[in-house]
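A structural walkthrough
Spelled out, the chains give:
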Amino acid sequence: MLRPATEDDFAPLTMLWAEGWDAGHLDHAPKALIKLRTAESFRLRLRGFGDDLQVIGPRGAPTGFVAFKKNSIDQFYLRADQIGTGLASELLAAAETELLNRGHKTGRLDCGVGNDRARRFYNKCGWEEMGIEDASVDTSKGPFILPLILFFKEL
């Protein structure tokens, strides 16, 4: 199900991520962070993931993606028209398997405080909330400190 991103995937992935981030964060993210979340910033960050970026869907028309950092699912997004189809559960299960294949027995992911839909989804999929921590998130202007809900799962 997961595959490496191809050159044809980057333009649609940029739009997918920008639209998904807006849908999940605009109503609660700090205004200073919202200003930094431009399409160009998403494009550059996608490129920066290298081999840690995995996608699902046809080449040139991805339906979702996941990006990894060590034992973490750093980013997890699905195209808006795929929400509610069950694909998100399949993508998360594939990401968990990928973490196992990379030698990790415990997975981690973070969720923005206020992103209640994602929070409910991760709980439903067996991820355990372990509190809130101020974390550094990547931006085009350098690190930005943001409170995030920590989730862990024994894989």
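To be clear, the structure that these remarks concern was listed above.
These remarks concern the structure in this document. Everything numeric in this text was worked out from a predicted model, so none of it was measured.

What follows is about the nonpolar core. Proteins that are soluble and globular tend to have nonpolar side chains buried together. The biggest cluster of nonpolar side chains holds 22 residues, and the ones touching the most others in it are Leu 13, Trp 17, Trp 21, Leu 46, Leu 53 and Phe 65. Counting only elements with at least two residues in this core, the list comes to α1 (10-25), α2 (31-36), α3 (39-48), β2 (53-56), β3 (64-69), β6 (128-137) and β7 (144-154). If you tally residues by element for this core, the top one is α1, at six residues. Here Leu 46 is in contact with Phe 10, Leu 13, Thr 14, Trp 17, Leu 53 and Phe 65, once residues within four sequence places are set aside. Membership of the second largest hydrophobic core comes to 21 residues, among which are Ile 56, Phe 68, Ile 73 and Cys 111.

On to the packing of aromatic side chains. Per the counting criterion, the structure on display carries 10 aromatic pairs. On the basis of an interplanar angle of 55 degrees and a centroid distance of 6.0 Å, the ring pair of Trp 17 and Tyr 77 is categorised as tilted. Taken as a pair, Trp 17 in helix α1 and Tyr 77 in strand β4 (residues 72-78) lie far apart in primary sequence, 60 residues in all. Tyr 77 matches Trp 17 in its accessibility class, with the two residues each being buried. Within the aromatic cluster, the residues linked to one another by ring pairs are Trp 17, Trp 21, Phe 42, Phe 49, Phe 65 and Tyr 77.

Turning our attention to the pairing of β6. Two elements, β6 and β7, share eight bridges in a ladder whose sense is antiparallel. Bridge pairing in β7 places Ala 135 opposite Leu 146. Linking β6 back to β7 in an antiparallel pair, the connection comprises six residues, with Gly 142 at a positive phi of about 105 degrees.

For the rest of this paragraph, the subject is the sheet that holds β4. Reading across from one edge, β1-β2-β3-β4-β5-β7-β6 is the order of the seven strands in this open sheet, with mixed pairing throughout. For this open sheet the edge positions go to β1 (3-4) and β6, each flanked by a neighbour on one side alone. Taken together, the two bridges between β1 and β2 define a ladder with antiparallel strand orientation. Within β2, the residue paired with Pro 4 across the bridge is Gln 54.

Glancing now at the pattern of salt bridges. Here the structure, examined in full by the defined rule, presents 12 salt bridges. Close ionic contact of Lys 153 with Glu 96 constitutes a salt bridge, the shortest N to O distance being 3.1 Å. With Lys 153 in strand β7 and Glu 96 in helix α4 (residues 87-101), this pair connects stretches of sequence that are 57 residues apart. Across the pair, exposure class does not vary: Lys 153 and Glu 96 are buried alike. For the salt bridge of Arg 119 with Glu 129, the shortest nitrogen-to-oxygen distance reads 2.7 Å. Highlighted residues: Arg 119 in helix α5 (residues 116-124) and Glu 129 in strand β6, separated in sequence by 10 residues. Overall, the relative accessible area of 28% leaves Glu 129 in the partly exposed class. Several salt bridges converge on common partners, so that one network encompasses Asp 52, Glu 98 and Arg 102.

The rules behind these values
- Residues take numbers from 1 onward in each chain, read along the sequence in its written order.
- Reporting of local features is limited, given that this is a predicted model, to residues whose pLDDT is at least 70; pairs of side-chain atoms are given and counted only at 80 or more, and all residues count toward the totals for whole chains, interfaces and linings.
- Heavy atoms throughout the structure, all of them, feed into the side-chain values; hydrogens and water do not.
- By nonpolar core is meant a set of buried Ala, Val, Leu, Ile, Met, Phe, Trp, Tyr and Cys residues that side-chain atoms within 4.5 Å join together.
- Using a 1.4 Å probe on the protein chains alone, a residue whose accessible area is under 20% of its type maximum counts as buried, one over 50% counts as exposed, and one in between counts as partly exposed.
- Going along the chain from the N terminus, every DSSP run of H or I of four or more residues is numbered as a helix, and every run of E of two or more is numbered as a strand.
- In this analysis, two residues are considered to be in contact whenever any of their non-hydrogen atoms come within 4.5 Å of each other.
- Aromatic pairs are defined between Phe, Tyr and Trp rings, using the six-membered ring for Trp, whenever the two ring centres lie within 6.5 Å; interplanar angles under 30 degrees are classed as stacked, those over 60 as edge-to-face, and all others as tilted.
- In short, DSSP must find at least two bridges between two strands for them to pair.
- By definition, a salt bridge exists where a carboxyl oxygen of Asp or Glu is found within 4 Å of a side-chain nitrogen of Lys or Arg.

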